[in-house]
Each structure stands twice: as C-alpha cells, then as structure tokens.
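For reference, the chains in residue letters:
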Amino acid sequence: MARPTMNRIATILWGREPKDRALLAKLDLTLLPYFSLIWFLFGVTRASYSSAYISGMREDLNFQGKDYNYMNTAYLVVYAVCQIPGTSLLTVLRPKYVFVAANLTWSVLTLITYKMTQAWQVILLNAIEGGFSAIAYVGAHFILGSWYRKSELGTRAAVFCCFGHVGSMAGGWIQAGLLKALAGHGGLPAWRWIFIIVSVMTIPVALFGWFFIPDLPTHRAAWYLNDAEKEHAAHRLGQTSKQTWDRTVLRRVLLSWQFYLLPLIFMREQLTDTPFFPLLSQKLTTGTPTQVYSLCVQCLSNNVMALWMSSRGYTTIQQNNYPTGIYATAILGTILYSAISDRLQSRWECSLAIGLTFVIGSAILVGNPASNAGHFFAFYLLGTTYAPQALWYSWMADVTGHDLQLRAITTGFMNSFDFAFVTWWPLVFYPVTDAPHFEKGYIASLVTGALTIPFIGLVAYLDRRDTARGVIGRVPGVVRASVYDGDDGDPPVRRENVSGVVDDHPDDPIPTTQVTVASKV
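Residues numbered from 1 in each chain as written. Predicted model: local features only at pLDDT ≥ 70, side-chain atom pairs only at ≥ 80, totals over all residues. Heavy atoms only, no water.

1. Observations concerning the nonpolar core
Then, number 1: With 79 residues, the main nonpolar core has Leu31, Phe35, Tyr137, Ile143, Trp147, Tyr148 and Phe160 as its most contacted residues.
Then, number 2: In terms of residue count, helix 3 (residues 31–60) provides more of this core than any other element does, 10 residues in total.
Then, number 3: Per-domain counts for this core show at least three residues from each of domain 1 (19–217 + 229–236) and domain 2 (253–269 + 290–472).
Then, number 4: The residues touching Tyr148, leaving out its near neighbours within four places in the chain, are Leu24, Leu27, Asp28, Leu31, Leu32, Leu153, Arg156, Arg236 and Leu237. (Core = buried A, V, L, I, M, F, W, Y, C linked by side-chain atoms within 4.5 Å. Buried < 20%, exposed > 50% of the residue type's maximum accessible area, 1.4 Å probe, protein only. Helix = DSSP H or I, 4+ residues; strand = E, 2+ residues; numbered from the N terminus. Domains from an automatic or database assignment. Contact = heavy atoms within 4.5 Å.)

2. Details of the side chain of Arg192
Then, number 1: Mapped onto the elements, Arg192 comes out in helix 10 (residues 190–212).
Then, number 2: One buried charged side chain, Arg192, makes no salt bridge at all; its nearest oppositely charged neighbour is Asp60, positioned 5.1 Å away.
Then, number 3: Setting aside chain neighbours within four positions, we find Arg192 in contact with Leu61, Tyr114, Lys115 and Met116. (Lys, Arg positive; Asp, Glu negative; His and termini not counted. Salt bridge = Lys/Arg side-chain N within 4 Å of Asp/Glu carboxyl O.)

3. Considering the packing of helix 19 (residues 348–367) against helix 20 (residues 372–383)
Then, number 1: With their axes 9 Å apart at the nearest point, helix 19 and helix 20 run at an angle of 155° to one another. When the axes of helix 19 and helix 20 are compared, the pair comes out roughly antiparallel. Seen along the crossing, helix 19 lies across helix 20 with a hand that is left-handed. Residues Thr357, Phe358, Ile360, Gly361, Ser362, Ile364 and Leu365 of helix 19 form the contact with helix 20, whose participating residues are Gly374, His375, Phe377, Ala378, Phe379, Leu381 and Leu382.
Then, number 2: Of the residues in the contact of helix 19 with helix 20, the class split is nine nonpolar, five polar and no charged. (Axes fitted to C-alpha atoms, helices over the stretch in contact; angles between N-to-C directions. Parallel < 35°, antiparallel > 145°, perpendicular 65-115°, else oblique. Left-handed = near helix turned anticlockwise from the far one by under 90°. Nonpolar A, V, L, I, M, F, W, Y, C, P; charged D, E, K, R; others polar.)

What follows is the structure, given as structure tokens:
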C-alpha cells in the first residue's frame, strides 16, 4: 500500500510524464527550498532590527529623534533603487554568483551590526544591506519563472511566498526567545546577540546557494541534473524570442504594456514601520503586495487591527497575537488560489475572486459592524488577499516569457515603483491619530480594491489578445537563428525553421513536429 500511495503523491506533485517528473522532483528539493529558506530568514533578519531597537539598541547606540525612521528609510530607498539592476544582472551573469554574493553580503552586514557603537553606523549599514538584499524576492521570482511551466509556477511561487509569511510572523517570536535566553550572556546585551544568532542562521543557507542554485536552464550547469534532464529543462518551457541586451531593449520595454500595467497593480510593499507596536508592525507589513492592490490592503498594515483591538479593551498580548491570524489566512489563500490557477493554467479567474474579496472585506469595515466578530471576519478575510504575491508574479512571468530582458526589468520594477505611493498613503488615510476610527482609510481601501477588478479584466484581455496574435508566449523548442527581423518600419516578423525553433546548440536534437510559420508579432 505504501508504494501506490507514494506514487499517487508523486503524480499529484510532479505529474505523470517521466521526464518532467524526474526534473521537478529535483528542483523541488533543491531550488525551491533554497529560495524559500532565504526568504524566511529575510523576514527574521528584518524583524531583528525592530526587536533590537526596543530591547536596548536605542539607548546603547544613542538613537535620537527620527534616527530609527532614517534607518528604515535608508534601507528602503537603496532597496528600491537596486531592484531593476539586480534582476537585470541575472540575465548577464550566472545567477549562482549573483545570489551567493548578495545573500552572503547582507547576512555578514547583519552580523557586523552587533559591533556598532553609534546610530549613524547602523543607518549606513542598513543602506548598504538594502542594496544587496534587493535581489532576494524579485530575483527568486525571476529564477522560478525560468524553470517552471505555467501549470507549475503558481504553486511553487506560493510555497516561496508562504515561507516569507512564516518568517515575518515568527520573527518577533524568535527575537523574544533570544532576548529571554541570551540577556547578559558573554557580557553582551541581548540585542547584540540577536544579530549574531540571526547571522549564524543565515550565512550557511546563503552559502548553500552555490550548490543548489541551478542558474538558468540554458546554462545547463546544475550538478544534480543529468545530461538528459539538463537538455529537457532547456527545451521544455520553449525559447524566449529575445535574450540579448541590444539596441532594441529600451524600445521593447518602454513600448510594452507589461512594463506599465503590471507594476501599477501587481507590486508588493516592503518594510514600513510606525512608532507603535513595532514588532507587530514589522510582522504586518513585510511582504504586502502593493500599488492599486497595496493601497487597498493598507488596512491590514499600520497596526490598524491592533489599534482597533486596543479601543475594544483587548490586552497588549492579544493585540500582538490575534493579528497573526491574518498570516494564517494569507497562507491558505496563497496556496489555494495559486493551485487553482495552475490547474486552470489561467490567472484571471482567481485574480477576479481576490478583487471581489477586496470589495467585500473593505465594505464590512466601512459598515463598522457593532460586533467584534464582524471586524475579525473582515480582517481575516482580507488576509486571503495576500495571494497575489504568488499569483500575480506568476501571471507576470506568463505574459513576459517571450522577452528575457522585459521579464527581468518588469520583475524589478514591480517591486520598486510602489515606494512613491506607500510612503505617504498611510500618513493620509491611516494616521495613528485617527485610531480606532479609520473610516477614511477603509473607504479608500474599498475604492482602490474595486479598481483592481477592471485592471484585472484589462490584463486578462491583453494577455488573451497577444497570445492569440503570437506576440507573447515562448517559441516551442530551442532556438536556431535570429527570431526577429524588421527592427524599424514594418512590424517585425517571427521566422521559424521547419522545427519551429532557433538553436544555440546545433548539435542538440531538434524537435521536428513544428511547421514553418511567419507570424506578425
């Protein structure tokens, strides 16, 4: 009985096709766990600064006035600026080198923090760390989208994102345990031990990337894949029509609808903080998706739920614990929606369901139900709308898969453009001075949540239209010659040989089931 059961589980996870099954099993035991663990530890690392600040670092390093805010701002600004260069670098250098160097560097910078003696030193280190950690989230999505098919990607992206939720949720608890166990140990205050322990956890995982990151399929470099699996991986997703940095890159990106529309609604918010409940604020703002979407889910950030609970007489412990239930529903929603979209091989249906959830949850909060249960239901229901972290980044990979540079740049831009908005939006619509009466913010969330619905419809329409026209979507097989001509003037024409593909490796076997076509792009 055990063997049939294992076979059924393997079929559910990796399908029935033997080549896909062998490849996916190896990727799911190496590539996916590596990025998931890094993202988990990223959440723990960022939580350590908030924990340390309220546990002695403020006094020991003489933080004054808005120094703590300057520390976070310095990190966020550099983080945002480095998103596009980071993802673009993955198309030029082998990703293994980029990730190991970047992840190891920000881990070491976290370790060095324990030796700091002045607030300005920590602010400077945070700025530098922001540059090296910028690749952690967007880079992982870029690599996952390079290895997994449309029917596989959403679920893997969901696993990756859920590790971030767990890291954000557990970060404060881990720090609390360290503070209790290590206070005064070895002559060091507990806040300094936090940075030591977190770095000791993170540095080995960062180094493991040297062995587990398989670069891109075209590199054929993963040591744990045999030759047949490397070739299968290089061919099975099809070939991107554009792969090189040439004089057409700027035009291809700036004239694409993906570059503008996807960042507008699909981005994700980074770490923000408020002076109140800093540990909780860290947990509730790490990894929140943004722009039109993020402006809606601001009602889950900025300690809105905790401040409402305070007005209803809940204890401080309850104010810190009950909101973590949002992450439980976030994990459930992320996995459920992503799995369904993979099964459908379509993202718009689940995206529409999320958009409707925005409206329902926000409407309940606007209605200000008399019972506490109504508020709890609304907050936890809105927690499921964290799902676009996986779902919409997978959709982005679907609609930019034809152009490597467009996908890299858009991936980075999706995660940086939002800072122009989320830095001021909470100050206008969710100031702590309004607590617990956030009606103005709830109405703003209802409006922006409703706006996601027509945007989802627009992306779905453009996706379907351009797929039918052959504008987006990968070319089957492996490429053998220049795929595009007609740089100027007439629309370019896709020209495929008898196998339908172009080949950088003329000695490789080429599929021969395709016919010669010339389609307008």
